[in-house]
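Residue-level listing of the chains:
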Amino acid sequence: MNPLASSSWNNLSRLSTAQSRSISPENRTGAPGGGGRAEEGTGAYHARDLGIGWKISPSVVIPAGTVFTLADVEGEGVIQQIWMTLTGCWRFLILRFYWDNEEIPAIECPAGDFFCCGWGKYAPLSSLPVCVNPGSAFNCYWEMPFRTHARITLENCSEEDVVAYYQINYALGEVPADAGYFHAQFRRVNPLPYKEVFTILDGIEGFGHYVGTYLAWGVNNFGWWGEGEIKFYLDDDQEFPTICGTGTEDYFCGSYNFENREEKRYGTFCTPYSGLVQVLTPDGLYQSQQRFGLYRWHLTDPVRFRKRIRVTIQALGWRSGGRYLPLQDDIASVAYWYQDTPSHTPRALPEKDLLEII
């Protein structure tokens, strides 16, 4: 019954007795035969001449200051795909995923950043595990196994009601013993203190592998900002890491400032494994800083750890005399990884005012 048996391209021909299920505003429990039965909802007025089964409940309204449960699933299985589109401020909409009745979420992240749109603006993205499509459709294909229970919530921290459209596709069935639990953690520092490194992930104890990084990077100086090295401290590493990159743009699989040499400007790109998908430049008025959105997926090169993992990145530019300049930038990150436990050491999200994009 392994629901993972046919969930990838290489295994697509393998048959499985796993049971396909889907949760949406039209079937909030994912029950078999439960779709299209809504009698009331955000589409009821428009379907008043047609009745039940005609798009009565395509979305939900989440009042300001409340938490809405998107999914609550009993049993064993794997979430295979999530689609959603959200109104409002994406930094103030907090996604949380709880595995196997844990009280601590394995994933706690602003919705925009989780789907690589950390600056609150639509950024088209076409990669293997995450896609962002017109006109603001968030999609992810991360495999998310659970063994007894899965719960997903969305908290609206803003002062306005928001509308959420969503669909969560999953399969019920036996999960292999060696399948890890999916985790994601958000961090933000604004500004980064002088001569300090930015920590992407720390305090993680266990056995697993690191599978991705998203960065929303706001620059507070003139000039190039990406000379810093990313470092992975694995297991018993102390002062020095096992893995050390050569520069920020190199880690994100670019080179030489991401510069389009003919146009003399940043060249955005979007590939299955990495990309520079957002470049926000000054508009001559209030939008005064350059801001960037970058992702790197370790799908073919997961970074494996047996005891613990810590990930940092330096913020370096240039100053006079050919010297590096430690930058004091606005940096937010999402770290994505799998590990053997359904929760990890909690890290409190920044308070609302420190989440805000200004």
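In short, a report on the structure. As the structure is a prediction and not an experimental result, all values here were calculated from the model.

From N to C terminus, the protein chain includes 3 helices and 27 strands. Radius of gyration (C-alpha) of the protein chain: 21 Å, near the 21 Å computed for a compact globule of 358 residues. Counting the 358 residues in the protein chain, one finds 49% classified as buried. Nonlocal contacts in the protein chain, meaning residues at least 24 apart in sequence, comprise 73% of its contacts between residues at least 6 apart. Summing over all exposed atoms, the protein chain offers an accessible surface of approximately 17,200 Å²; the carbon and sulfur share of this is 50%. Treating the 29 positive side-chain charges of the protein chain as one cloud and the 41 negative ones as another, the clouds have centres 4 Å apart.

We now examine the sheet that holds strand β16 (residues 230-234). Taken together, 4 strands build an open sheet; the order of strands is β14-β24-β16-β17 and the sheet is antiparallel. With partners counted over all chains shown, the strands left at the sheet margins are β14 (198-205) and β17 (243-244), one partner each. Relative to strand β24 (residues 308-313), β16 runs antiparallel, the two being bridged by 5 bridges. Within β24, the residue paired with I230 across the bridge is I313.

Let us look at the state of the cysteines. Under the counting rule described, the total for this entry stands at 0 disulfides. Free cysteine: C117, not disulfide-bonded; nearest cysteine sulfur from C116 at 7.2 Å. C131 takes part in no disulfide bond, and the closest cysteine sulfur to it belongs to C270, at a distance of 7.9 Å. Accessibility expressed as a relative area gives 12% for C131, which makes it buried.

So, about the environment of C244. In this structure, C244 sits in strand β17. The spatial distance from the C-alpha of C244 to the C-alpha of I230 is 5.9 Å, given a sequence separation of 14 residues. In this view, C244 contacts E229, I230 and K231; residues no more than four positions away in its chain are not counted.

Quick notes on the rules
- Residues numbered from 1 in each chain as written.
- Predicted model: local features only at pLDDT ≥ 70, side-chain atom pairs only at ≥ 80, totals over all residues.
- Heavy atoms only, no water.
- Helix = DSSP H or I, 4+ residues; strand = E, 2+ residues; numbered from the N terminus.
- Rg over C-alpha atoms; globule rule 2.2 N^0.38 Å.
- Buried < 20%, exposed > 50% of the residue type's maximum accessible area, 1.4 Å probe, protein only.
- Contact = heavy atoms within 4.5 Å.
- Areas by Shrake-Rupley, 256 points an atom, 1.4 Å probe, with all protein chains shown as cover.
- Lys, Arg positive; Asp, Glu negative; His and termini not counted.
- Charge placed at Lys NZ, Arg CZ, Asp CG, Glu CD.
- Pairing = 2+ DSSP bridges.
- Disulfide = S-S within 2.5 Å.

Note that all results are geometric; they support no functional claim without further evidence.
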